[in-house]
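# Coordinates in review
In case you want the letters, here they are:
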Amino acid sequence: MRKKILAANWKMNLTQPQVLDWLKVFHDLDWHQPQQELRIYPSSIYLKELVSTGLHVGAQNVFAEQKGAFTGEIAVEQLQSIDVQSVLIGHSERRLIFKEDDALIAQKVRTCTGAGFPFILCCGEAIEQREQGQHLAHVESQLKSALEQFDPAQHSLLTIAYEPIWAIGSGMSARTDQISEMHAFIRDFLEKELGAIAHQIPILYGGSVNSQNASELFSCPSVDGALVGGASLDAQHFHQLWQALSA
Ligand code: PEP
């Protein structure tokens, strides 16, 4: 059985005192659920402090090169050296705002796999692509390019997050039929590319998941969990998603 994952992407939010407040609320709640994995992707300045709490802590970004003159960037080996456990690759904000293209994303995937470092590979279409019926082809091309040299033997490093761009931060999540269609498509693609082990790779949904819609979204059999932005910034709210995932 695939594990369920609930991942908080804090993006460029929360000051140090707010992180401490978040942790205070977090520690007062019951997160015991052996079948589920909780992950926090904070700004990099908080990584070490959060790692010390024993949580699964991941980075929001990593550079494709291994070391050297890349001011402002962070290497996989540096993340591993402070026990960060995974990283997001290909988030739409990195693709759109920071102009990360498919080639760079593929290079990041290779760097992570080369280092045996787990990653969540994000994919998803823009609203225009969906309206033109191009959403499946677009996601396929994103995955094809990112996973071109991916070795199926390393499948345990890979998690996919389907995040339609129009649903991220918009308050309007995708409908369950849209998510089911895309998740089934991604699963088929993975099976074609990687074989039967594809069924062990978690596929998450991301895009305006909140306490109002979580139960419905998590009732989709193809949804193995969620990558959550806005609703993860409040530990109490995030806990409601955790409970919805376990229901
Ligand atoms: C995200 O950025 O990965 C995300 C899903 O954001 P939100 O939950 O705020 O839509």
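First, a word on scope: everything that follows refers to the structure included in this document. (Residues numbered from 1 in each chain as written. Predicted model: local features only at pLDDT ≥ 70, side-chain atom pairs only at ≥ 80, totals over all residues. Heavy atoms only, no water.)

### Let's talk about the sheet that holds strand 2 (residues 36–41)
Ordered by their spatial adjacency, 8 strands build a closed barrel running 1-2-3-4-5-6-7-8, and the pairing between neighbours is parallel. Strand-to-strand twist across the sheet, computed as the mean angle between neighbouring axes with direction ignored, equals 25°. Sheet strands in contact with helix 10 (residues 235–246) are strand 1 (4–9), strand 2 and strand 8 (225–228), and its direction is about 165° off that of strand 1. (Pairing = 2+ DSSP bridges. Helix = DSSP H or I, 4+ residues; strand = E, 2+ residues; numbered from the N terminus. Axes fitted to C-alpha atoms, helices over the stretch in contact; angles between N-to-C directions. Contact = heavy atoms within 4.5 Å.)

### Quick look at the packing of aromatic side chains
Enumeration according to the criterion identifies 9 aromatic pairs in this entry. Relative to W22, the ring of W10 lies with its centre 4.9 Å away and its plane at 70°, an arrangement referred to as edge-to-face. Taken as a pair, W10 in the loop between strand 1 and helix 1 (16–28) and W22 in helix 1 lie far apart in primary sequence, 12 residues in all. A residue is classified by how much of its surface remains accessible, and W10, at 0% relative accessible area, is buried. The class for W22 is buried, based on a relative accessible area of 3%. Three or more aromatic residues joined by ring pairs make a cluster, and in this case those are W10, W22, F26, W31, F238 and W242. Lying across the ring of F98, R94 places its NZ or CZ 4.0 Å from the centre. (Phe/Tyr/Trp six-rings, centres within 6.5 Å; stacked < 30°, edge-to-face > 60°. Buried < 20%, exposed > 50% of the residue type's maximum accessible area, 1.4 Å probe, protein only. Lys NZ or Arg CZ within 6 Å of the ring centre and 35° of its normal.)

### With respect to the site of the ligand
The ligand sits among 15 residues. The nearest are K11, E163, G169, S208 and G229. At 2.5 Å, a side-chain N or O of K11 approaches an oxygen atom of the ligand. Contact with the protein chains hides 96% of the accessible area of the ligand, taken as 290 Å² for the molecule alone. (Near = heavy atom within 4 Å. Polar contact = N/O pair within 3.5 Å; in protein donor to acceptor, adjacent residues only side chain to side chain. Areas by Shrake-Rupley, 256 points an atom, 1.4 Å probe, with all protein chains shown as cover.)

### Some details on the side chain of S92
If you trace the backbone, S92 turns up in helix 4 (residues 92–96). Every residue in contact with S92, bar those within four places of it in the chain, is listed here: I97, I165 and I168.

### With respect to the pattern of salt bridges
Inspection of the entire model under this criterion finds 12 salt bridges. Salt-bridge contacts for R39 lead to E37; the nearest nitrogen and oxygen are separated by 2.5 Å. When its relative accessible area of 4% is taken as the criterion, R39 is described as buried. By relative accessible area, E37 is classed as buried at 19%. Between R187 and D224 there is a salt bridge; the shortest N-O distance is 3.4 Å. Of the two residues, R187 is situated in helix 8 (residues 176–194) and D224 in the loop between helix 9 (214–218) and strand 8; the sequence distance between them amounts to 37 residues. One exposure class covers both R187 and D224, and it is buried. Members of the salt-bridge network, linked through shared partners, are R2, R187 and D224. (Salt bridge = Lys/Arg side-chain N within 4 Å of Asp/Glu carboxyl O.)

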